[in-house]
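Examination of the molecular architecture
What follows is each chain in one-letter form.
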Amino acid sequence: YQEYAAPFALATNSAVQFYGTTASDTERSSLQLASYTFTPKPDVLNTNSNGTTDPPVTPVTNDIATYAYGTVIYGRRSGSTGSIWAIHLDGSGDRYITEGVRPRVSPDGRYLAFLREGDPFNSLGNLWVRNLVTGQETRLLPTSDNYLVFYDWDRATMNIFFDYSCQLWRTDLAGNVVGLPMSNDCYDDAPAQNAIDGRLAFHNLNPDPAIRGLYVAPADGTSKQRLALPVANPRWAAWSPDGELLAFADGTSVSLEAGRNLWVVKPDGTGLHQISGFTDTNGFRYGALWSPES
């Protein structure tokens, strides 16, 4: 749960915990729970029968593509442009959203960041944002002249952290860009933010093994620390919702798409645990994300 000190808006189905206090704010009541539902729960999709591989391509407008039972926004390697889709965790509601690759939804479910144009499958696309309420799409930054691997949303400000041109950056939705003050290697990529304390984690796939690895930085981006992990070519760091763990993938090489097995570790590098054990060509190409329940 995210704690709020001021009124806030709900955009999707939510369960809200609340409590009362005395006038002096020294005593609290027991926690109460209020559930807000904006959409009915659909029937579970039968995935054991034959069906269409690609549902009709109908752009999504005027609604937010998430609901209480969980929604995954994902990309398909469609032609040279890619396409972005949404599907509910019960298998229902699979639908096309827009053209692009590597989608990342904002914490409030309102905005979608993605790459489009140029050569996005090879990290040479422009950074775009789509308003999932209105359907309006904006080219936020022209970045296809240099590599941009991935990005994440700043929970506090609705800014976007991203890697580009040998540095990590922050931009607001108006395209005002500020570089993070830490010194960066050109392979520092794919920043991910801790939802609790704002720390950043990112990977580095430098051919030099003394530089390659996972890094953690404070919220202000002033420094970075390399985690001492006995894991081959770690990449694609993802924070657990409680901010206590990082999930990541190892790799068969320093190639960006060579992710194979999943691991979890504490952000200080302790508690390392391997999740999967593929030994063939299967694997987690872009790592994994956590469910809201961790």
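All of these numbers come straight from a predicted model, not from anything done at the bench.

**Remarks on the nonpolar core**
In terms of nonpolar packing, the biggest core is built from 30 residues, with Ile97, Leu112, Leu127, Tyr151, Trp153 and Ile160 touching the most fellow members. Contributing elements (two or more residues each) for this core: β4 (83–88), β7 (111–119), β8 (124–131), β9 (137–141), β10 (151–153) and β11 (160–164). Element by element, the count of residues in this core is highest for β7, at five residues. Not counting the four nearest positions on each side in its chain, leucine 127 is found in contact with Phe114, Leu115, Thr138, Arg139, Leu140, Leu141, Thr143, Leu148 and Tyr151. Membership of the second largest hydrophobic core comes to 13 residues, among which are Leu214, Val216, Leu227 and Trp263.

**Some thoughts on the pairing of β7**
Two elements, strand β6 (residues 101–105) and β7, share three bridges in a ladder whose sense is antiparallel. Residue valine 101 lies in a different strand from β7, and its bridge partner there is leucine 115. Count of turn residues in the β6/β7 antiparallel hairpin: five residues, of which glycine 109 carries a positive phi of about 75°. The pairing of β7 with β8 spans seven bridges and is antiparallel. Paired with phenylalanine 114 across the two strands is tryptophan 128, which belongs to β8.

**Things to note about the pattern of salt bridges**
Within the structure shown, the criterion is met by 11 salt bridges. Aspartate 152 is the partner of arginine 155 in a salt bridge, and the nearest nitrogen-oxygen pair spans 3.1 Å. Take aspartate 152: its relative accessible area is 5%, and that puts it in the buried class. The partner of aspartate 154 in a salt bridge is arginine 170, with the nearest N and O atoms 3.6 Å apart.

**Some words on the state of the cysteines**
For the coordinates displayed, the defined rule picks out one disulfide. Across a sulfur-sulfur distance of 1.8 Å, cysteine 166 and cysteine 186 are joined as a disulfide pair. A torsion of 95° about the S-S bond marks the disulfide between cysteine 166 and cysteine 186 as right-handed. Note that cysteine 166 is positioned in the loop between β11 and β12 (167–171) and cysteine 186 in the loop between β13 (177–179) and β14 (188–193), a separation of 20 residues in sequence.

The rules behind these values
- Residues numbered from 1 in each chain as written.
- Predicted model: local features only at pLDDT ≥ 70, side-chain atom pairs only at ≥ 80, totals over all residues.
- Heavy atoms only, no water.
- Core = buried A, V, L, I, M, F, W, Y, C linked by side-chain atoms within 4.5 Å.
- Buried < 20%, exposed > 50% of the residue type's maximum accessible area, 1.4 Å probe, protein only.
- Helix = DSSP H or I, 4+ residues; strand = E, 2+ residues; numbered from the N terminus.
- Contact = heavy atoms within 4.5 Å.
- Pairing = 2+ DSSP bridges.
- Salt bridge = Lys/Arg side-chain N within 4 Å of Asp/Glu carboxyl O.
- Disulfide = S-S within 2.5 Å.

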